[in-house]
Amino acid sequence: MLKILEGIGKIFRILWMGVAASVFVLSNVVFVLFALPIALLLAPFPRVRPRVLSLLLRGLLNLMFSKAAPFCRVFGLSENVRKVLAENRGSLIVCNHITLIDPMLVLSFAPDTGVLLKGKYGKWPAIWFLLKFFDFVALDGTSPAEIAGVAEACAKLLRGGRSLLVFPEGTRSRSGRVGDFKNLAFKLAKDGGCKVVALCIRVDAPFFSKGQKGILPARKPNFKMDCAGVFDPSDYRNADTLCAAVYRAVSKKCREPM
């Protein structure tokens, strides 16, 4: 009887993941199919196009994470996250990085926000589209010239009043613990005088994460996003001390129970 129940549970888990994966893929397809014609139609209006496409993107993401995910009981949002993000537009948003959907999760609640991401993700059709038409900045290499170019592109977004999302670990964590933060983002905050909004994402089961065994998680994952604090760079001596303070706050929040 126990083996039968285990078999039924595995079947339901496979079905649930199949539906979730299908919805994820379908959402990407729908977004590209709707956004591409709009992008082409608005080509003569370069100042308007990013705003319209940004609203479209965030509308879709918010529908997925604000409506569908809570309904499926896979996502929770602390009450102060929306308020903090709305009150601190034009800020640097930093977050720990566990799964491939972390950027979409944050963007669904962060208005008018660009993203710094690895250039290798630009090979994905949906990400290429975002890099082409949105405030997404790709970091392709580690040479001083490339980093300087990326830093200037990010600083331009912040000077324009937009927020910028950065995952300072630079890669997804294998263990689920917060990895060391790189200080590029905090140099941007210090040089530009913009506040740092620190977020924490927690998930109780591997899901599109490094080191995950197999395609399916062992059980249905549950996500939670919280705010770990808002930091004013003027309160810190340099980018390194700011980086250390934000790292401690995010690490502490990530250790709290969901």
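The coordinates are above.
Just so it is clear, the model here is predicted, and its values are computed rather than measured.

Chemist: Whenever I open this one, the packing of aromatic side chains confuses me. Can you help?
Modeler: Where two aromatic rings form a pair, the distance of their centres and the angle of their planes describe that pair. Counting across every chain of the model gives three aromatic pairs. Ring plane angle 85° and centroid distance 5.2 Å describe the contact between phenylalanine 181 and tyrosine 247, whose orientation is recorded as edge-to-face. Here phenylalanine 181 is found in the loop between β5 (163-166) and α7 (184-192), whereas its partner tyrosine 247 is found in helix α8 (residues 239-255), with 66 residues between them in sequence. By relative accessible area, phenylalanine 181 is classed as buried at 11%. With relative accessibility at 27%, the residue tyrosine 247 sits in the partly exposed group. What links up through ring pairs into an aromatic cluster is the set Phe181, Phe186 and Tyr247.

Chemist: I tried to follow the environment of alanine 189 on my own but got confused; where do I start?
Modeler: By the element assignment, alanine 189 lies in helix α7. A residue is classified by how much of its surface remains accessible, and alanine 189, at 0% relative accessible area, is buried. Between the C-alpha atom of alanine 189 and that of serine 234, which follows or precedes it by 45 residues, the distance is 9.6 Å. In contact with alanine 189, other than residues within four places in its own chain, are Leu92, Cys194, Val196, Pro233 and Leu242.

Chemist: Is there a simple way to think about the nonpolar core in this case?
Modeler: A general feature of soluble globular proteins is that nonpolar side chains tend to end up buried together. Ranked by internal contacts, the top residues of the largest apolar core, which has 32 residues, are Leu92, Phe186, Val196 and Val246. Considering every element that reaches this core, the biggest residue donor is α8, with eight residues. The next biggest cluster of nonpolar side chains, apart from the first, holds 27 residues, and it includes Met104, Phe109, Val115 and Leu165.

Here is what the cut-offs are and how they apply
- Residues numbered from 1 in each chain as written.
- Predicted model: local features only at pLDDT ≥ 70, side-chain atom pairs only at ≥ 80, totals over all residues.
- Heavy atoms only, no water.
- Phe/Tyr/Trp six-rings, centres within 6.5 Å; stacked < 30°, edge-to-face > 60°.
- Helix = DSSP H or I, 4+ residues; strand = E, 2+ residues; numbered from the N terminus.
- Buried < 20%, exposed > 50% of the residue type's maximum accessible area, 1.4 Å probe, protein only.
- Contact = heavy atoms within 4.5 Å.
- Core = buried A, V, L, I, M, F, W, Y, C linked by side-chain atoms within 4.5 Å.

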